[in-house]
Amino acid sequence: MAQTTPRRHRVAVLIRPGFIPFELGIPHRIFGIARDAEHRPLYEVVTCTPGGPGLVRSDSDVLVQVEHGPEVLETADTVVVPASHTSGPDGTDPAAGDPVLEPELAAALARIRPGARLMSICTGAFVLAAAGLLDGRPATTHWLESDRFRQLYPRVALDPDVLYTDDGDVLTSAGVASGVDLCLHVVRRDHGTAVAQDVARRTVVPPHRDGGQAQFIKRPVAVERAVARGDASGSAATGARGTSTAAARTWVLDRLDEPLTLSDMARHAAMSVRTFTRRFRDETGESPGQWLTRQRVEHARTLLESTSLPVEQVARRCGFGTAQSLRAHLTTALGVTPSAYRRTFRRAA
């Protein structure tokens, strides 16, 4: 009996005149090279426009021949809306200046099938907000446009300080490069760490950057360790010894299975607890306790994905001590139990 090829997840990138070529390339690159264990493509990425096939001018001298119109949105599993910098106020996205969408764009968005996942890059969030798709939801956009966004869409729970937000079926990212972080986050959410890290290696970018304290995906411990060591090397090279918490973070990351206290970390950094806490928050955006718990959760996730260790052993290796404690922390951070998480991602890993 012939084996059928699994249907690929269809991603439609909806662009408008004045699109940014880099933003158009992000979903094509990140989703386009994602492969399963048999090296089969996991996504199909297509570009479409509200006005139908034809040439579309970017915000530079680049023109793109788009083969699809808005009808593609009816079959898309995920729709990505990048920014457009044509003729809006101060040269920004036209949608950023008017809470009412152009009829052609509104009609195109109305064709998106129920249940499709929505994503925006940069000021593409204005389009989703104008369509009423972000009301009551967390969202972010480029920090330069955050005040304008709040004025136009007070019903949206805007957080301008994060790289991206994930509210399940609606995700938004901040400035241009954060679109890479968001797309990698989605790949990891869909297919696990191994697939996302393979994409990141092939595109020569970090596996991901922190999206913000409410995000589903955080920076892996291995990446955090490399960053901390890099920070520590930089501090030493510039004679800034004793002014950074980077060395202490590296020390902690090598001892996640041990009971660690705030006093232990401050002592290693040769600082008072008060000074250490202040500098730690300045450098990481989190308290030492929040950061430590997050690193332990990330280490647990890696072990659940890449090993067959019993949950009790995973809990001990990441510093939570017991399976019950691990279950509580993982459920709080991700909304799933260790067993459920492993079932979801073990195959991809």
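It should be noted that the structure appears before, not after, this text.
Residues numbered from 1 in each chain as written. Predicted model: local features only at pLDDT ≥ 70, side-chain atom pairs only at ≥ 80, totals over all residues. Heavy atoms only, no water.

Colleague: Where do I start with the packing of aromatic side chains in this structure?
Modeller: Aromatic rings in a pair are described by how distant their centres are and how their planes are angled relative to each other. In total, this model carries six aromatic pairs according to the counting rule given. With a centroid separation of 4.8 Å and an interplanar angle of 55°, the aromatic rings of F31 and Y43 are classed as tilted. Here F31, found in helix 1 (residues 21-32), pairs with Y43, found in strand 2 (residues 43-48); they are 12 residues apart in sequence, far enough to count as distant. Their ring planes at 70° and their centres at 6.1 Å tell us that F126 and Y153 sit as a pair that is edge-to-face. (Phe/Tyr/Trp six-rings, centres within 6.5 Å; stacked < 30°, edge-to-face > 60°. Helix = DSSP H or I, 4+ residues; strand = E, 2+ residues; numbered from the N terminus.)

Colleague: So what exactly am I meant to see when it comes to helix 13 (residues 323-334) here?
Modeller: Note that an α-helix has 3.6 residues per turn; residues three or four places apart therefore point the same way. Its 12 residues give helix 13 an end-to-end C-alpha distance of 16 Å, which sits within 8% of 16 Å, the value for a rise of 1.5 Å per residue. Turning to helix 13, its buried residues number three or more, namely A323, S325, L326, L330 and L334. Buried residues along helix 13 cover an arc of 155° about the axis, so they all sit on one side. Among the exposed residues of helix 13, those oriented more than 90 degrees off its buried face are Q324 and T332. Taken from the residues just after helix 13, G335 is the one with a positive phi, measuring 80°. (Expected span 1.5 Å × (residues − 1). Buried < 20%, exposed > 50% of the residue type's maximum accessible area, 1.4 Å probe, protein only. Arc of directions from axis to C-beta.)

Colleague: It is not clear to me how the packing of helix 5 (residues 178-191) against helix 6 (residues 193-203) should be interpreted in this structure. Could you clarify?
Modeller: Helix packing for two helices is described by the angle between their axes and how far apart those axes are. The geometry of helix 5 relative to helix 6 is characterised by a closest axis approach of 7 Å and an angle of 150° between their N-to-C directions. Relative to helix 6, the element helix 5 is oriented roughly antiparallel. Between helix 5, through L184, V187, R188 and H191, and helix 6, the contact on the second element is made entirely by T193, V195, A196, V199 and A200. Taken together, the residues of the contact of helix 5 with helix 6 break down into six nonpolar, two polar and one charged. (Axes fitted to C-alpha atoms, helices over the stretch in contact; angles between N-to-C directions. Parallel < 35°, antiparallel > 145°, perpendicular 65-115°, else oblique. Contact = heavy atoms within 4.5 Å. Nonpolar A, V, L, I, M, F, W, Y, C, P; charged D, E, K, R; others polar.)

Colleague: How should the nonpolar core be read in this particular structure?
Modeller: A general trend in soluble globular proteins is that nonpolar side chains are found buried together. In terms of nonpolar packing, the biggest core is built from 33 residues, with I15, I30, F31, A34, Y43, M119 and V187 touching the most fellow members. Among the elements of the structure, strand 1 (9-14), helix 1, strand 2, helix 5 and helix 6 are those that each provide at least two residues to this core. Broken down by element, the residue count for this core peaks at six residues, all from helix 5. With residues near it in sequence (within four places) discarded, M119 still touches F31, T78, V79, V80, V81, L128, L171, L182, C183 and V186. Within the second largest apolar cluster, 29 residues are counted, among which are A108, F126, V127 and A130. (Core = buried A, V, L, I, M, F, W, Y, C linked by side-chain atoms within 4.5 Å.)

Colleague: Would you mind showing me how to read the pairing of strand 6 (residues 117-120) here?
Modeller: The side chains of a regular strand alternate, residue by residue, between the two faces of the sheet. Alternating positions in strand 6 separate into two faces, R117 and M119 on one and L118 and S120 on the other, with burial throughout. Examined bridge by bridge, strand 5 (residues 78-81) and strand 6 share four bridges and lie parallel to one another. Considered in strand 6, the bridge of T78 is made with R117. (Pairing = 2+ DSSP bridges.)

Colleague: Explain the environment of A300 here, please?
Modeller: Structurally, A300 is set in helix 11 (residues 288-306). Sequence separation between A300 and V311 is 11 residues, and the spatial gap between their C-alpha atoms is 9.1 Å. Dropping the residues within four chain positions of it, A300 is found in contact with V314, C318 and L326.

Colleague: How should the sheet that holds strand 9 (residues 164-166) be read in this particular structure?
Modeller: Strand pairs in the sheet, formed through backbone hydrogen bonds, run parallel or antiparallel to each other. Taken together, six strands build an open sheet; the order of strands is 2-1-5-6-10-9 and the sheet is mixed. In the strand order of this sheet, the two ends are held by strand 2 and strand 9, each with one partner. For this sheet the average axis-to-axis angle between neighbouring strands, irrespective of direction, equals 15°. Here helix 1 sits on the sheet in contact with strand 1, strand 2, strand 5 and strand 6, set at roughly 165° to strand 2. Along the sheet, helix 5 makes contact with strand 2, strand 6, strand 9 and strand 10 (170-173), crossing strand 10 at roughly 150°.

Colleague: Any chance you could explain the packing of helix 10 (residues 273-284) against helix 11 here in plain terms?
Modeller: Relative orientation of the contacting elements helix 10 and helix 11 amounts to 55°, with a least axis distance of 9 Å. With respect to helix 11, the axis of helix 10 lies oblique. Across the interface between the two elements, F276, T277, F280, R281 and T284 from helix 10 touch P288, Q290 and W291 from helix 11. The residue inventory of the contact of helix 10 with helix 11, partitioned by class, reads four nonpolar, three polar and one charged.

Shape is all these values report; function is a separate question.
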